[in-house]
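Remarks on the overall topology
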Amino acid sequence: MTTERCALLLRAVNVSGANKVPMAELRALMNDHGGFGAVTTYIASGNVICDAPADPAVACGEARTLIHDAFGVDTPVILRTHHDLVRAIEENPFPDAEADKMLHAMFLEGAPRADAVETLTERLQPGERIALRGNDLWIDFGAGGVHSSRLTRPVLDRALGVAGTARNLRTVRKLAELTAG
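What you are looking at is a predicted structure, and each value in this text was computed from that prediction instead of being measured.

Brief notes about the overall build of the protein
- Counting secondary structure elements, the protein contains 6 helices and 8 strands.
- Moving toward the C terminus, one meets the helices and strands of the protein in the order β-α-β-β-α-β-α-β-α-β-β-α-β-α.
- Taken over C-alpha atoms, the radius of gyration comes to 16 Å for the protein, in line with the 16 Å a tight globule of 181 residues would show.
- By its C-alpha atoms, the protein is 50 × 35 × 30 Å across when sized along the principal axes.
- For the protein, the proportion of its 181 residues judged to be buried stands at 44%.
- When the accessible area of the protein is evaluated, it comes to approximately 8900 Å², of which 51% is carbon and sulfur surface.
- Charged side chains of the protein number 19 positive and 23 negative; the gap between the two group centres comes to 6 Å.

Okay, here's the thing in C-alpha cells:
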C-alpha cells in the first residue's frame, strides 16, 4: 500500500522579496525533521509535497513552527490531499475561464463566513466571477487579471473570516499530478 501524498500550501512566501523561505533549505529542514515522508517542493511560491499525515492540523502546525523558527516567517500552512486537489479540479465552476492563469482556487484553512460570497460579490470588477465549493473559493479574474482586481488579500481575509492561499489552475493541476504518488 502506498501512502497518500498531499500539498502543504504556504501563504504569501517569496513574493516581491518578502517572507523569504528558500525552498531548498525548507525541503532539507522538513526531510531532517521527519514525519513528512519524502519532501519535495514545486516552484518558489510555497508548494510542499509530502506524505499525507494522520492529523492534518498537527502537521500544518509543525510545518508553520519549523518555517517560523528557521526563517522568521509566520505563514498559514494549508493542506490539500491528492484527492482534495483532484476534486477541486473536477468541481471547477468556471471551465469556460479565459485563461488558466487567470482562474484561481483559493484554498481555505476552514469554513468561510456564511455571507462571504455575498460580501465579495459586491467588490467584483466587470468580468470577474467567484464561486465557493466547500472550503475552496474559486476566483475567475477575467481578462483584467489579479493586478486589476479589488479582491485584495485584506478584503478576502475580512470577508472570508479565515486564512487562505490561492493557486492558479495550472498550478493546481501540477500539484494534483505531483501528489499522485
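Here we look at the pairing of strand β7 (residues 136-140)
- A large share of β7 lies buried, amounting to 5 of its 5 residues.
- Neither face of β7 is open: one carries Asp136, Trp138 and Asp140, the other Leu137 and Ile139, and all of them are buried.
- With 5 bridges connecting them, strand β5 (residues 103-108) and β7 associate as antiparallel partners. Its bridge partner lying in β7, Phe107 is registered against Asp136.
- Looking at chain direction, strand β6 (residues 129-133) and β7 are connected through 5 bridges and run antiparallel. Note on β7: the bridge partner recorded for Arg133 is Asp136.
- The hairpin turn running from β6 into β7, its antiparallel successor, is 2 residues long, and Gly134 in that turn takes a positive phi close to 65 degrees.

As for the pairing of strand β8 (residues 164-168)
- Summarising burial for β8: 4 of the 5 residues are buried, a large majority.
- For β5 and β8, the ladder comprises 5 bridges, and the chain directions are antiparallel. When the sheet's bridge partners are listed, His104 is paired in β8 with Asn168.

A closer look at the pattern of salt bridges
- According to the stated counting rule, one finds 11 salt bridges in the structure shown.
- Across the pair Arg87 and Glu91 runs a salt bridge whose closest N-O atoms are separated by 3.4 Å.
- Judged by relative accessible area, which is 25%, Arg87 ranks as partly exposed.
- Overall, the relative accessible area of 33% leaves Glu91 in the partly exposed class.
- Of the charged contacts, one joins Arg173 and Asp100 as a salt bridge, the two residues approaching to 2.4 Å between their closest N and O atoms. Of this pair, Arg173 sits in helix α6 (residues 169-178) while Asp100 sits in the loop between α3 (82-90) and β5, placing them 73 residues apart in sequence.
- Looking at Asp100, the relative accessible area reads 28%, which means it is partly exposed.
- Salt bridges sharing partners connect three or more residues here, namely Arg80, Arg87, Glu91 and Asp136.

What counts, and at which threshold
Residues numbered from 1 in each chain as written. Predicted model: local features only at pLDDT ≥ 70, side-chain atom pairs only at ≥ 80, totals over all residues. Heavy atoms only, no water. Helix = DSSP H or I, 4+ residues; strand = E, 2+ residues; numbered from the N terminus. Rg over C-alpha atoms; globule rule 2.2 N^0.38 Å. Buried < 20%, exposed > 50% of the residue type's maximum accessible area, 1.4 Å probe, protein only. Areas by Shrake-Rupley, 256 points an atom, 1.4 Å probe, with all protein chains shown as cover. Lys, Arg positive; Asp, Glu negative; His and termini not counted. Charge placed at Lys NZ, Arg CZ, Asp CG, Glu CD. Pairing = 2+ DSSP bridges. Salt bridge = Lys/Arg side-chain N within 4 Å of Asp/Glu carboxyl O.

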